[in-house]
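# Tertiary structure, described
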Amino acid sequence: MSGWMVRGLRTFGAALRRALPVILFFLSSFAIVCAVYGLQYVIVVSVVTVFFQTRYKRSDNTAVKYLRLLIIGSVLMVLGYIASTGLAACVVLNICVPFVLVLTQSSRFNPKGYFTYAMLFVFLSLIPPANPAQLFIELIVFWGGVAYLAAAIALYGRLTRRPAAAALSLERALNELGDLLLLLVEPDRQKELHERFRALLRTLHQMSYHQQFFSRQTPDNQLHDMVSTLAQRFSYLITDHEWRAELDEKRIAMLRELAAFVHAVSAALADGTAGEAQIVRAQALLDGMDIPEGRVRIFSRSLLHMLTLILRTRGVQLEDTAYPLSWGGI
C-alpha cells in the first residue's frame, strides 16, 4: 500500500475517533425519539446534538447550565411556534430573537455562543408543530433530550476521565506565554509551538466565565479578558508565517528580550513583588524599541501595552488569592 494511502487511512481513522462520540450520541438520540415519539419530532435531535458537540469535552457542565438550557430552549421553542402563526409575528420575532441571543449569549472570546440557541429557534420556526398539543410533545422531547445530553456527557467524562489538572495562576499563565515567545524563533520547534498555542486557546475558550452582556465586571473578570486577549494576539505571528521573511538578528533579540521580561513578570507575580518596577521596565522597552516597522514591532508593542494593563489591574490584588485558571492540555 502506497504511502499516501496509509496517511489517508490514518487521517480518516483519527477523524473518525474524534467524531465518534458525536455520531453515537446522534444515532442513539435519533433512535430513541423515533421509537418513542415518531419521526416528526427528530428535528429536536439535531439541535441537542449540536449542544452535545460543543459541551461534551468541557469540565463546567453543571446542573445550573443544564437548567439554563432547559429554560432558554423552551422559551425559544415557544417563540418559534408563535413565529410560524403569522407574517407579522414571523418578521418581528426573527428580528428581535437573534438580536437578543447575540447580545446575551456571545462574548469577545466566544463570538458564536448564540449559534446553537439560534438554531433551535430557526429550526422550530421552519418546521413548526401543527398545534399546541404537538408543541407540548415537542417540548417533552426537548426536555428528555437535555436529560439524555446530561447523562451522555457524564458518561463520556467518566469513560475518559483524566487526572485533574492543577489550577494555573496568572503568573503561570504568563510563564507559558513567555515560553511561546521563545518558541517563535525556533524553526525546528514549530510543531510544539502550534500544539501548545492551540491547547492554550482551547483552555481559555472552555473557561466557564465569558464576559457577556449580563456579567458583572470585576478585576478578576478583567484579568481573564486581558490574558485571553494576550493569548489571541500571538495568533498574529503564529498562524501567519509571512513575517518570518523580515526576521533578522534585531527582531530575534527583541522577541527573546520580551520572553525574558514576561518570565520576569511571572516570577515577580509569584513572589508578590510585581508592581511599578515592571511597569517602568515595560515602558523602557517601548521607548527603546529600535527594530524597524513591521509585524514583530506591532506585536511587541501590543504585548507590552497589555502587560502594563495586567500589572496595573493586578496591582490592587497582590494580597488576594492568585487569579485561578482552570488549565487543561498544557
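Computed from a prediction, not measured in an experiment: that's the story for all the values here.

## Overview of the overall build of the chain
For the chain, the helix and strand inventory stands at 13 helices and 2 strands. Out of the 330 residues belonging to the chain, those deemed buried represent 42%. Counting contacts in the chain only where the partners sit at least 6 residues apart, residues at least 24 apart contribute 77% of the total.

## Comments concerning the pattern of salt bridges
Applying the stated criterion to the full structure yields 9 salt bridges. Ionic pairing is found between glutamate 192 and arginine 189, a salt bridge with its closest N-O pair at 3.0 Å. Residue classification places glutamate 192 among the partly exposed residues on the basis of a relative accessible area of 27%. The closest approach of N and O atoms between arginine 297 and glutamate 293, which form a salt bridge, is 3.2 Å. On the basis of relative accessible area, arginine 297 is assigned to the buried category, the value being 15%. Residues participating in the shared-partner salt-bridge network are Glu176, Asp179, Arg189, Glu192 and Arg196.

## A short note on the packing of helix H2 (residues 43–55) against helix H5 (residues 115–126)
For any two helices packed against each other, the geometry comes down to the angle between their axes and how far apart the axes lie. Where H2 meets H5, the closest approach of the two axes is 10 Å, and the angle between their N-to-C directions is 180°. The pairing of H2 with H5 is recorded here as roughly antiparallel in orientation. Contacts between H2 and H5 pair Ile43, Ser46, Val47, Val50, Phe51 and Thr54 from the former with Thr116, Tyr117, Met119, Leu120 and Phe123 from the latter. Residue composition of the contact of H2 with H5, by class: 8 nonpolar, 3 polar and no charged.

## Overview of the packing of helix H4 (residues 87–105) against H5
At a minimum axis separation of 9 Å, H4 and H5 run at an interaxial angle of 160°. Classified by the angle between their axes, H4 and H5 sit roughly antiparallel to one another. Like other packed secondary-structure pairs, H4 and H5 cross with a definite hand, here right-handed. Contact residues: Leu93, Asn94, Val97, Leu101 and Gln105 in H4; Tyr117, Ala118 and Phe121 in H5.

## Let's talk about helix H7 (residues 170–184)
In a regular helix each residue adds 1.5 Å, so 15 residues correspond to 21 Å; H7 covers 21 Å between its end C-alpha atoms and thus fits that length. Within H7, 11 of the 15 residues are buried, which leaves the element mostly enclosed by the surrounding structure. Residues of H7 that are buried: Leu170, Glu171, Ala173, Leu174, Glu176, Leu177, Gly178, Leu180, Leu181, Leu183 and Leu184.

## Topic: the packing of aromatic side chains
On inspection of all chains with the given rule, the structure shows 8 aromatic pairs. With centroids separated by 5.3 Å and ring planes inclined at 20°, the aromatic side chains of phenylalanine 25 and tyrosine 148 adopt a geometry described as stacked. Taken together, the residues phenylalanine 25 in helix H1 (residues 3–36) and tyrosine 148 in helix H6 (residues 132–159) connect sequence positions 123 residues apart. Assessed through its relative accessible area of 3%, phenylalanine 25 is described here as buried.

## As for the nonpolar core
Grouped together as the largest cluster of nonpolar side chains are 46 residues, with contacts concentrated most on Leu174, Leu181, Phe234 and Leu303. Those elements that place two or more of their residues in this core are H7, helix H8 (190–205), helix H9 (219–233), helix H10 (235–238), helix H11 (249–271), helix H12 (276–287) and helix H13 (295–315). The element best represented in this core is H11, accounting for 9 residues. For phenylalanine 234, the contacting residues outside a window of four places in its chain are Leu177, Leu180, Leu181, Phe197, Phe299 and Leu303. Formed by 36 residues, the second largest nonpolar core is a distinct cluster that contains Phe51, Tyr56, Val97 and Phe142.

## A short note on a nonpolar patch on the surface
Side chains of Phe12, Leu16, Leu20, Ile23, Leu24 and Leu27 sit close together on the surface and give an oily, nonpolar patch of about 560 Å² of accessible area. In this fold, leucine 20 is placed in helix H1. A relative accessible area of 38% means that leucine 20 is categorised as partly exposed.

## What about helix H3 (residues 63–83)?
Since one α-helical turn is 3.6 residues long, residues separated by three or four positions face the same way. Helix length check: H3, at 21 residues, gives a terminal C-alpha distance of 30 Å against a target of 30 Å (1.5 Å per residue), a fit within 8%. Of all the positions in H3, only Tyr66, Leu69, Ile72, Gly73, Ser74, Leu76, Met77, Gly80, Tyr81 and Ala83 are classed as buried. Elements that come into contact with the buried residues of H3 comprise H2, H4, H5 and H6.

## Points about the side chain of arginine 251
Following the sequence through the fold, arginine 251 ends up in helix H11. If we skip the residues at most four places from it in the chain, arginine 251 touches Glu246, Ile291, Pro292, Glu293 and Val296.

## Topic: the environment of valine 265
Among the structural elements, valine 265 can be located in helix H11. A relative accessible area of 1% places valine 265 in the buried class. It is 9.7 Å that separates the C-alpha atoms of valine 265 and glycine 178, two residues lying 87 residues apart in sequence. Ignoring anything within four residues of it in the chain, the contact list for valine 265 reads Leu174, Gln278 and Leu311.

## Observations regarding the confidence of the model for the chain
The pLDDT averaged across the chain works out to 79; a share of 81% of its residues lies at or above 70. Within the chain, the element-level pLDDT minimum falls on strand E2 (residues 324–325), averaging 44, and the maximum on H6, averaging 90. Confidence over residues 208–216 falls short of pLDDT 50; this stretch has 28 contacts with residues more than four positions distant or in other chains.

Criteria and thresholds
- Residues numbered from 1 in each chain as written.
- Predicted model: local features only at pLDDT ≥ 70, side-chain atom pairs only at ≥ 80, totals over all residues.
- Heavy atoms only, no water.
- Helix = DSSP H or I, 4+ residues; strand = E, 2+ residues; numbered from the N terminus.
- Buried < 20%, exposed > 50% of the residue type's maximum accessible area, 1.4 Å probe, protein only.
- Contact = heavy atoms within 4.5 Å.
- Salt bridge = Lys/Arg side-chain N within 4 Å of Asp/Glu carboxyl O.
- Axes fitted to C-alpha atoms, helices over the stretch in contact; angles between N-to-C directions.
- Parallel < 35°, antiparallel > 145°, perpendicular 65-115°, else oblique.
- Nonpolar A, V, L, I, M, F, W, Y, C, P; charged D, E, K, R; others polar.
- Left-handed = near helix turned anticlockwise from the far one by under 90°.
- Expected span 1.5 Å × (residues − 1).
- Phe/Tyr/Trp six-rings, centres within 6.5 Å; stacked < 30°, edge-to-face > 60°.
- Core = buried A, V, L, I, M, F, W, Y, C linked by side-chain atoms within 4.5 Å.
- Patch = residues over 30% accessible without salt bridge, like charges linked within 9 Å, V, L, I, M, F, W, Y side chains within 5 Å.
- Areas by Shrake-Rupley, 256 points an atom, 1.4 Å probe, with all protein chains shown as cover.
- pLDDT = per-residue confidence, 0-100.

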